[in-house]
Each structure stands twice: as C-alpha cells, then as structure tokens.
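Letter by letter, the chains look like this.
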Amino acid sequence: MRDIRVSASSAAVVAILLAVAAGVAWSRSHDSGNVITGELSSADSISPAAVDSTAPIAVTHDSGIAGNVADVDGSAAADSAVYNRDCRGCHGAGEARGRRTPALRVLAVTLLTTEGGREYLVDFMLDGRVRAVDKGNVTYRNTHPPFDELTNAEVASVLNYMLTAWGNDKLLPGDWRAYTAAEVGRRRRAG
Amino acid sequence: MQMFYHFTKLAPIRHTLHVQFMHSPASRLFVGLYVVLTLAPLAIALTPPLAPGAELWLEFALAIGFIALGQLAAQFGLIARFQQISQPLGIDRVMQWHTQMGLVAALIVAAHVVILVVGQPANLRLLVPFSGNTGGTTGLLALLSMLLLIALSVWRRQLKLGYEQWRVSHALLGIAVLAFAQAHVTTAGRYAFAGWKNVALWIWCAMFVAIIVYLRIVKPAFMLRRAWTVAETAREAGDTWTLVLRPDNHAGMRFAPGQFAWIKVGTSAWSASEHPFSFSSSATHPERIEFAIKELGDFTRTIGGVKAGTVTYVDGPHGSFSCDFARADRLVLIAGGIGIAPMLSMVRTRDERDDARPITLVYACSSIDRAAYYRELAERLRRPGDSLVMVLERAHEGWVGAAGYISRDVMAPIVAANSGSTLYMICGPDVMMTSVERILKSLSVPANRIGMERFNLV
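What this report covers is the structure whose coordinates are included nearby. (Residues numbered from 1 in each chain as written. Chains lettered and ligands numbered in written order. Predicted model: local features only at pLDDT ≥ 70, side-chain atom pairs only at ≥ 80, totals over all residues. Heavy atoms only, no water.)

1. Comments concerning the packing of helix H4 (residues 104-113) of chain A against helix H5 (residues 117-127) of chain A
Residues and elements named next belong to chain A.
Here's step 1: One can describe the packing of H4 onto H5 by two numbers: an axis separation of 6 Å at closest approach and a directional angle of 120 degrees. When the axis of H4 is compared with that of H5, the two are oblique. Note on element contacts: H5 touches H4 through Gly117, Arg118, Tyr120 and Leu121, opposite Ala108, Leu111 and Leu112.
Here's step 2: Class assignment for the residues of the contact of H4 with H5 results in five nonpolar, one polar and one charged. (Axes fitted to C-alpha atoms, helices over the stretch in contact; angles between N-to-C directions. Helix = DSSP H or I, 4+ residues; strand = E, 2+ residues; numbered from the N terminus. Parallel < 35°, antiparallel > 145°, perpendicular 65-115°, else oblique. Contact = heavy atoms within 4.5 Å. Nonpolar A, V, L, I, M, F, W, Y, C, P; charged D, E, K, R; others polar.)

Okay, structure coming up:
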C-alpha cells in the first residue's frame, strides 16, 4: 500500500506544473516574440512597377516540361493548406504585421531574384534564422524558426504559394520555375 | 529490512519527530526543489530569442513537453541515494515519489502527443517511424523507450525478469528516454533553435545522467577501499540466517539501530546484484555488522552457502527508521516475520549502551519454533518494564499467549501500559503494518509517535 501522503503531494505538484504550463501557453499565444524587421523594411520599398508584370509566366519542371502554374505537379502546386497551417498565423495574407513579421508580398519575389536567392529561400525554410540586429543601444534578435519537419513537397508547396499569391505572380521573372519536392530534397541533403 | 517488506519513516531528531509528508519543513523543501528542477528546462526554453507565439493549444503542448523533460531528468536525482534528501524524508518515500512521478511524466508525454495530433491531425505523420522527420522520429523513440521502461517495471515478475536484469535495463532505458527526449527538443527546434539553448539543455540532462554514472561506476570504485569479508553465516530458526561481516582494513561502519544497507555478496563492486537488508547487530560495534536474512527469493536462498572470507561490499547506512531519531522514554517495537531484524538491532544496542528505556516487543510469526532470535530476545527483555509479547499465527497446543494476528485486543493493554512519551515502531509485511497502524490510531496513539517505513521495490 502506498503512502497516501506521498500520493497527495505528488497530485499537488502535478497541479502546480500544469497550472504553470497553462500560464506559459496563454502568455506565449499572445506573444509576438522579439522579431524585429528593421533591416528588411527596405525591401518593402521595391515598387511592383519595376517588374514587367505583362510578361507571361513560364513555369518549368526540372524535367523541362513547360506548363502553367496550375499544371505544376500536385506536390509543388498544392493549395494554401500548408501555408495556412504553419505560416498564416504570423505572416497573414502576405502583409507585414507591425514590427513582427515582414510582408511576404513582394519580398518573397525580391529574395528569389537576388543572387543565390532560390537556394536561400529553401535554406531559410529548413534552417530558420537567428540574427542580431543592432538598433542604437539595443540588440534585437531577428528570428524565424526552422520548418525542417515539413516534407520536401510541403516546403516546395509553401514557397510556390508565397511566390504566386497576393499578386506576387505578376512580379515573377519570365523564366521562373516552380519549386519541386526533388529540388528541396537535394538542397536538404546538401545542407 | 528486506526489500519485500514495507516501512514508513521517522524523521531524524534534528528535524521533526515524525515526518508527515508536506507537513515538515524538509518535505516542503524537497517538493519545492523538485518543482524548480522540473521547470528548469522550460525556463531555458522561454529565454529569448523567441519566435512569435503560436496557438494556445500548441503552446500548451510544448510547455508540458518541456515539463516532462524536466521530470525525466529529475528521476535520476531521486534514485541517487543522497542522504541529505532521503534521511529527513525517508528513502521509501523518495522511492515512491520516483515511481509516481515516472508515471506522471509518462502521462504528460502522452498528453503532449495527443494534443499535438488533435490540434493538427497532420501531425500524426510525425509518428511514422523513419519518415525523414528527425523531430518526429526522436520523439517516437523517446515515447517507445518510456513505455518499455514502464512495462518492464510493472510486469517484471510476470515477464520473469530477474531483479538484477531489471535494474540494468531500467538504468539503460532511463538514459535512452532522456537522450531521445532531448534530441527531440533539439531537432523539433521550435524553442531550441538558438545554439546556446541547445547546449544548456544538453548539459542539464547530462548532469542528471552523471548521477547514475557516479552511482554505478564511480562510487563502487570508492567501495573497493572499504570492502568487507564474511566472518560467518549462522543458521537461525524459521529459514533465517545471520550474515556476519568484518571490515577489510578499515574501521567499519557507523549506523543507527534500525537502519539498513545495500550489500553485494561475493560479486564485483560494480555488480547490479545488490540487496537491501536491515542491520541486526548492535550499533555500538561498527567493526562487526550483522544482517538477519530470511530465505525468500533467489538471492536470499543462497545466503546459507556463502563461505567465510567472501568479499562483500556495503553501501550504507541508509534510512531513518531508528529509535535514535526520535525522543522517547519508552519503546514499543512491533515486528512481523523478518521485520524482527531492525528490532533486534534496537534491543541489542539498548543493552550495549546501558540505555535504561524499557522495551515492549510484540513479535508476530507463524509459530514459536520458527521465531528467529526468540531465545535471545526472551533473555534480553527481562529488565523491569520490558515485555515480550509473542503472537503466533499457528499456535501450538498448550499455548496461552496471543494467537492469530496482531489485533486490537493485543495492543490495547500495551498502549494503556505505555502512556507518556512512547515511540511505536512497526516493521513487517505491508498488510500487517497497515493494520497495526490503524489499530494504534484507534487507540489514540498520535501519528507522530508511530514509526514505519513503507518500501516496495519492484
């Protein structure tokens, strides 16, 4: 027979621990973290007009077969499901969220079209980022969690969605290729 | 005390007369320390930098996951045999806490998984083994290791797993659970993507694993210099043996009457074959210690064959079940079966110290000819005020004493004759201790005058 006093004490401790967990969870769910986008704000100033929005979008697979965005293989052209599940909470519909998150509208395409940008986006999704941003006497931590638990297809799907949603499709270069699961897989293995 | 019996503890005199768990400063300190240690990983995780928070259900699942991690680490501290913790609380209660918190941690881990899946059914795929998702795989391995550890503990006998084998597997699985759990935190990454946090959490876990490394590897090395040898094994009544040990080139071991030690007989100091027994010798002779051992299991049935000169290692003394740890003018010792062992030590010590306190010994056993140490106890308990009350389950013809089990009829006159500052100490089968405790309380004996140690190893 167990000592009932020990059992009562352990029940009390469990109650304390669960209460702490609940308090932490509530606080965190209302927490915008400590992500500052000071350096990223300059990217928002790029005008969509600087990009030829009339050029048709040519989308190719790795296999070289051309097609519309809608014809890209299902895993890469998935709808917004993964984005809605994992990204919308912070990034909304591509708009900036105060000082918390940058606007993916325009920015995503800007990052894609910089040198090394295509690989950078995949790496960013898989590895996240921690970077210090100094503002005067204060150092802010710019953070994005890694999402390497997503499958290759899901990562490709999210990237393709961000790059084609909110009018971003009109900013894409003419020779843009949608991401594929295979490409993400190669980058994951290389990393 | 043998591992199969149950006891409940008294606190050492320097704390309180009786530890009512959660009513004493020592136990409140222990519980507070436990809560702090358990929350430490969560505190590390919540230190900036932090990503923006997610939905409430997800944050709660993550928070309880970190709490479970803290509990898993703390489990190692509970089995460390730190005397600073076990002495005031009672090692039996610390062991019970270890068992209960282990089950609680398992339930919290299960809740963590369930919440993650219910909140987002797509997360179910994380439980697919080797899906390429390292966060899911390590979490799954931690969960499976934990379930296996619990199953082997709960169903050890049904699985016919030997005690030593269980101890080794329990330690290894415990380490595996903690390692996989921490790897899961690292690879899932949501709260540990900052490098220093990962390092801090791994160090935290390693500190606790180091405890078991100390217990199983380092401490035995120190015991090599304090070995003992078997002086003799003497047969007693009732399938009981007295194992007598002498120190090998050292001064011996000081202990309080009623305490116990873990002993390793004829094996390496690193052997997992280690068994707890109460000292039965007088505490005034640290240079010669004795253990009363009854043939009850695989190991105890071999005691009779142990040869003189056999090397033995003694880890002790442990426990706070002792008349030395509480003030009393009179002692009432209530023993069932091999529960006589610690009582024998208390009686012998009293005589050797010239302690004037009278002792009433209530000794329950199956029959008079199976009552180990009966003649010696009858001889010793002849002082004015002393009394030996035998309670025989199978009374022989002509027996006029108490028969059956220790009952209210047996205890009522004893309690009446021992008013004042009397300490009641109970040692025997769990059922007997529960019954006697209930009887004493019904006779208005205060709880803080009753000493017991409930100890049920696997």
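2. As for the pairing of strand E9 (residues 387-392) of chain B
All names here are of chain B.
Here's step 1: With six bridges joining them, strand E8 (residues 359-365) and E9 adopt parallel strand pairing. Across the sheet, Tyr363 pairs through a bridge with Met390, a residue of E9.
Here's step 2: Once you follow E8 into helix H9 (residues 374-380) and on to E9, the crossover reads as right-handed.
Here's step 3: Pairing geometry for E9 and strand E10 (residues 402-403), over two bridges, is parallel. Note that in E10 the partner of Val391 across the bridge is Ala402. (Pairing = 2+ DSSP bridges. Right-handed = clockwise from strand over helix to strand, strands pointing away.)

3. Some words on the environment of Ser86(B)
All names here are of chain B.
Here's step 1: Summarising the element assignment, Ser86 is placed in helix H3 (residues 83-89).
Here's step 2: Residue Ser86 is classed as buried on the basis of its relative accessible area of 4%.
Here's step 3: Put simply, Ser86 and Phe30 are 56 residues apart on the chain and 9.8 Å apart in space, counted from C-alpha to C-alpha.
Here's step 4: Ignoring any residue separated from it by four or fewer positions in sequence, one finds Ser86 in contact with Ile91 and Val94. (Buried < 20%, exposed > 50% of the residue type's maximum accessible area, 1.4 Å probe, protein only.)

4. Some words on helix H11 (residues 430-442) of chain B
Residue and element names in this part refer to chain B.
Here's step 1: The first and last C-alpha atoms of H11 sit 18 Å apart over 13 residues, in line with the 18 Å expected at 1.5 Å per residue.
Here's step 2: Turning to H11, its buried residues are Asp430, Met432, Met433, Thr434, Val436, Glu437, Ile439 and Leu440.
Here's step 3: Against the buried residues of H11 lie strand E7 (330-336), helix H10 (408-417), strand E11 (422-427) and strand E12 (450-451).
Here's step 4: Ser444 lies just past H11 and shows a positive phi near 70 degrees. (Expected span 1.5 Å × (residues − 1).)

5. Notes on the environment of Ala21(A)
Here's step 1: Following the sequence through the fold, Ala21(A) ends up in helix H1 (residues 4-29).
Here's step 2: Exposure remark for Ala21(A): the relative accessible area of 0% places this residue in the buried category.
Here's step 3: Contacts of Ala21(A), omitting those with residues within four sequence positions, involve Phe60(B), Ala63(B), Ile64(B) and Ile67(B).

6. Quick word on the pairing of strand E5 (residues 289-294) of chain B
All names here are of chain B.
Here's step 1: Of all six residues making up E5, six are buried, and the element is well covered by its neighbours.
Here's step 2: In E5, alternate side chains face the same way, and those of Ile289, Phe291 and Ile293 on one face and Glu290, Ala292 and Lys294 on the other are all buried.
Here's step 3: Bridge count between strand E2 (residues 240-247) and E5: six bridges; the pairing is antiparallel. Among the inter-strand pairings, Trp241 is bridged to a residue of E5, identified as Ile293.

7. Overview of a nonpolar patch on the surface
Here's step 1: A cluster of nonpolar side chains, Val213(B), Tyr214(B), Ile217(B), Val218(B), Phe222(B), Leu224(B) and Trp270(B), forms an exposed patch at the surface whose accessible area comes to about 620 Å².
Here's step 2: Along the chain, Val213(B) turns up in helix H7 (residues 195-223). (Patch = residues over 30% accessible without salt bridge, like charges linked within 9 Å, V, L, I, M, F, W, Y side chains within 5 Å. Areas by Shrake-Rupley, 256 points an atom, 1.4 Å probe, with all protein chains shown as cover. Salt bridge = Lys/Arg side-chain N within 4 Å of Asp/Glu carboxyl O.)

8. Structural notes on H7(B)
Each α-helix winds once per 3.6 residues, and so residues spaced three or four apart point in a common direction.
Here's step 1: The terminal C-alpha atoms of H7(B), which comprises 29 residues, lie 40 Å apart, in line with the 42 Å expected from a rise of 1.5 Å per residue.
Here's step 2: By the largest-angle criterion, Tyr214(B) marks the main kink of H7(B), which is about 45 degrees. (Bend = angle between axes of the 7 residues up to and from the residue.)

9. Re the nonpolar core
Here's step 1: With 72 residues, the main nonpolar core has Val13(A), Phe66(B), Trp97(B) and Leu178(B) as its most contacted residues.
Here's step 2: Those elements giving two or more residues to this core turn out to be H1 of chain A together with helix H1 (25-45), helix H2 (56-78), helix H4 (91-119), helix H5 (134-154), helix H6 (163-188), H7 and strand E3 (260-265) of chain B.
Here's step 3: Each residue touching Leu178(B), except ones within four places of it in the same chain, is listed here: Leu69(B), Leu72(B), Ala73(B), Phe76(B), Cys205(B) and Val209(B).
Here's step 4: In this structure, Ala292(B), Leu333(B), Ile340(B) and Ala341(B) belong to the second largest nonpolar core, which totals 29 residues. (Core = buried A, V, L, I, M, F, W, Y, C linked by side-chain atoms within 4.5 Å.)

10. Things to note about the pattern of salt bridges
Residue and element names in this part refer to chain B.
Here's step 1: Within this structure, the stated rule accounts for 20 salt bridges over all chains.
Here's step 2: Notably, a salt bridge pairs Arg353 with Asp324, separated by 2.8 Å at the nearest N-O pair. On the criterion of sequence distance, the pair formed by Arg353 in helix H8 (residues 340-353) and Asp324 in the loop between strand E6 (311-318) and E7 is long-range, its members being 29 residues apart.
Here's step 3: The class of Asp324 is partly exposed, set by a relative accessible area of 25%.

11. Structural notes on the packing of H1(B) against H7(B)
Residue and element names in this part refer to chain B.
Here's step 1: At a minimum axis distance of 9 Å, the contact between H1 and H7 shows a crossing angle of 165 degrees. One finds that H1 runs roughly antiparallel with respect to H7. As for how H1 packs across H7, the hand of that crossing is left-handed. Across the interface between the two elements, Leu37, Ala40, Pro41, Ile44 and Ala45 from H1 touch Trp196, Lys197, Ala200, Leu201, Trp204 and Phe208 from H7.
Here's step 2: Split into classes, the residues belonging to the contact of H1 with H7 amount to ten nonpolar, no polar and one charged. (Left-handed = near helix turned anticlockwise from the far one by under 90°.)

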